[in-house]
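Summary of the model geometry
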Amino acid sequence: MQVRIARNLNRLLILFTAVVVIFFGGIFAASRFFPEYTRWHVLVFAVVSIGLAIVYRYLEENWDKRIILQMAKNNKVALMNIKGGKLLTAVRNTSFRTCWIYELEGELFNKEHEVLHKSFREKMNRETKEIPSGSVYVTYDELTPERIFIIPNAIIGSLPDLMPLVQEYEKDKKIKIRYLDAYYHRGMVLRTFKETMADYKKGLEEKKKKQDNGTEET
């Protein structure tokens, strides 16, 4: 699904660029045939160009996030045990920020807790070196099975209506759950909680050292 969104964004960028070029050409036509309206054409060109840039930037940053949030609110959620993944390609946005497209695979448990073997593509943070094995919640709708995105843990925790679904998965002894820390940071980040806690403790130690050094200097 991330690849499809990237392709749609590329098509949209071509369309927006064509519109801007047409308006830019209109300035020269206006200056020749309607010189008294040239200033207005320049103003319209500036407004349209800035407006399209803002719209495109918003879609670039939020297209997938809006789908994820809407599906999560509608309880279109499933548990997935990720088994691994492989790097496919790199994608770069208009801010020249690079992310990796990974193909992830694993076992998806639908609302009836049936096991479905699934693979999907996710846009990962560029620092991703390997995909850890573990459990995450993903968007899933049997009517649109290709719309699979990893849901950040913060979204799961912020939607009380999802708690009964989460509890049903956790009560099922047949499902082995080992949650991963899933969050956005210039792409999706997947880490074990052991790694997250190690970095957290390291940050506290560095902060304490800085405070101690500051105390000694004073």
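Thresholds applied
- Residues numbered from 1 in each chain as written.
- Predicted model: local features only at pLDDT ≥ 70, side-chain atom pairs only at ≥ 80, totals over all residues.
- Heavy atoms only, no water.
- Helix = DSSP H or I, 4+ residues; strand = E, 2+ residues; numbered from the N terminus.
- Rg over C-alpha atoms; globule rule 2.2 N^0.38 Å.
- Buried < 20%, exposed > 50% of the residue type's maximum accessible area, 1.4 Å probe, protein only.
- Areas by Shrake-Rupley, 256 points an atom, 1.4 Å probe, with all protein chains shown as cover.
- Lys, Arg positive; Asp, Glu negative; His and termini not counted.
- Charge placed at Lys NZ, Arg CZ, Asp CG, Glu CD.
- pLDDT = per-residue confidence, 0-100.
- Axes fitted to C-alpha atoms, helices over the stretch in contact; angles between N-to-C directions.
- Parallel < 35°, antiparallel > 145°, perpendicular 65-115°, else oblique.
- Nonpolar A, V, L, I, M, F, W, Y, C, P; charged D, E, K, R; others polar.
- Pairing = 2+ DSSP bridges.
- Contact = heavy atoms within 4.5 Å.
- Arc of directions from axis to C-beta.
- Salt bridge = Lys/Arg side-chain N within 4 Å of Asp/Glu carboxyl O.
- Patch = residues over 30% accessible without salt bridge, like charges linked within 9 Å, V, L, I, M, F, W, Y side chains within 5 Å.
- Phe/Tyr/Trp six-rings, centres within 6.5 Å; stacked < 30°, edge-to-face > 60°.
- Lys NZ or Arg CZ within 6 Å of the ring centre and 35° of its normal.

A closer look at the overall build of the protein chain
Counting its secondary structure elements, the protein chain contains five helices and six strands. For the protein chain, the C-alpha radius of gyration of 23 Å lies well beyond 17 Å, the compact-globule estimate for 218 residues. With respect to the three principal axes, the spread of C-alpha positions in the protein chain is 75 × 65 × 35 Å. Residues counted as buried form 34% of the 218 residues belonging to the protein chain. For the protein chain, the accessible surface area stands at approximately 14200 Å², while carbon and sulfur atoms represent 57% of it. Seen as two clouds, the 35 positive and the 27 negative side-chain charges of the protein chain have centres 4 Å apart.

Describing the confidence of the model for the protein chain
Chain-level statistics for the protein chain give a pLDDT mean of 90 and a share of 98% at 70 or above. The secondary-structure element of the protein chain with the lowest mean pLDDT is helix α5 (residues 193-217), recorded at 76, while strand β4 (residues 134-139) shows the highest, at 97.

Notes on the packing of helix α1 (residues 2-33) against helix α2 (residues 38-73)
Direction vectors running N to C along α1 and α2 enclose 175°, while the axes themselves pass 9 Å from each other. As judged from the angle between their axes, α1 and α2 are roughly antiparallel. When its residues are assigned to classes, the contact of α1 with α2 shows 21 nonpolar, eight polar and two charged.

What about the pairing of strand β2 (residues 98-109)?
Here strand β1 (residues 77-92) pairs with β2 via twelve bridges, running antiparallel. Residue pairing for β2: Lys86 is matched across the bridge by Glu103. Summarising the sheet, β2 and strand β3 (residues 115-124) pair through ten bridges and their orientation is antiparallel. Note on β3: the bridge partner recorded for Tyr102 is Glu122. Between β2 and β3, which follow one another and run antiparallel, lie five residues, and His113 among them has a positive phi close to 65°.

Observations concerning the environment of Cys99
Looking at the element boundaries, Cys99 is found in strand β2. Judged by its relative accessible area of 5%, Cys99 falls in the buried class. Put simply, Cys99 and Gly51 are 48 residues apart on the chain and 26 Å apart in space, counted from C-alpha to C-alpha. Beyond its immediate sequence surroundings of up to four residues, Cys99 is in contact with Thr89, Ala90, Val91, Lys123, Met124, Arg186 and Gly187.

Structural notes on helix α4 (residues 163-171)
By the burial criterion, the buried members of α4 are Leu165, Val166 and Tyr169. Down the axis of α4, the buried set is contained in an arc of 100°. They therefore lie on one face. Lining the buried residues of α4 we find β1, β2, β4 and α3 (153-158).

Overview of the pattern of salt bridges
This model, assessed by the stated rule, comprises five salt bridges. Residues Arg4 and Glu146 are paired through a salt bridge, measuring 3.9 Å at the closest nitrogen-oxygen approach. Taken together, the positions of Arg4 in helix α1 and Glu146 in the loop between β4 and α3 put the pair 142 residues apart, joining distant regions of the chain. Here Arg57 makes a salt bridge to Glu60, at a shortest N to O gap of 3.1 Å. A residue pair is termed a helical-turn pair when its members lie 3 or 4 positions apart in one helix, as Arg57 and Glu60 do in helix α2 at three residues.

Details of the side chain of Arg191
Checked against the element boundaries, Arg191 lands in strand β6 (residues 188-192). Discounting residues that sit within four places of it in the chain, Arg191 has contacts with Pro132, Leu180, Asp181, Tyr183, Thr196 and Asp199.

Observations concerning a nonpolar patch on the surface
A cluster of nonpolar side chains, contributed by Phe33, Phe34, Tyr37, Trp40, Leu43 and Val47, occupies part of the molecular surface with about 710 Å² of accessible area. Per-element accounting of the nonpolar patch gives the leading share, three residues, to α2. Along the chain, Tyr37 turns up in the loop between α1 and α2. The class for Tyr37 is partly exposed, based on a relative accessible area of 44%.

A few points about the packing of aromatic side chains
Applying the stated rule across the entire model yields four aromatic pairs. Taking the centre distance of 6.4 Å and the plane angle of 75° together, the rings of Phe16 and Tyr56 count as edge-to-face. A residue pair is termed long-range when its members are at least 10 positions apart, and Phe16 in helix α1 and Tyr56 in helix α2 qualify at 40 residues. The pair Phe16 / Tyr56 is uniform in exposure class, with both members buried. Note on Tyr137 and Tyr169: the rings are 6.1 Å apart at their centroids and 55° apart in plane angle, and the pair reads as tilted. Taken together, the residues span a long stretch of sequence, with Tyr137 in strand β4 and Tyr169 in helix α4 at a distance of 32 residues. When sorted by exposure, Tyr137 lands in the same class as Tyr169, which is buried. Put simply, the rings of Tyr137, Tyr169 and Tyr179 pair up and form one aromatic cluster. Between Lys65 and the ring centre of Tyr184, over which it is positioned, the NZ or CZ distance is 4.7 Å.

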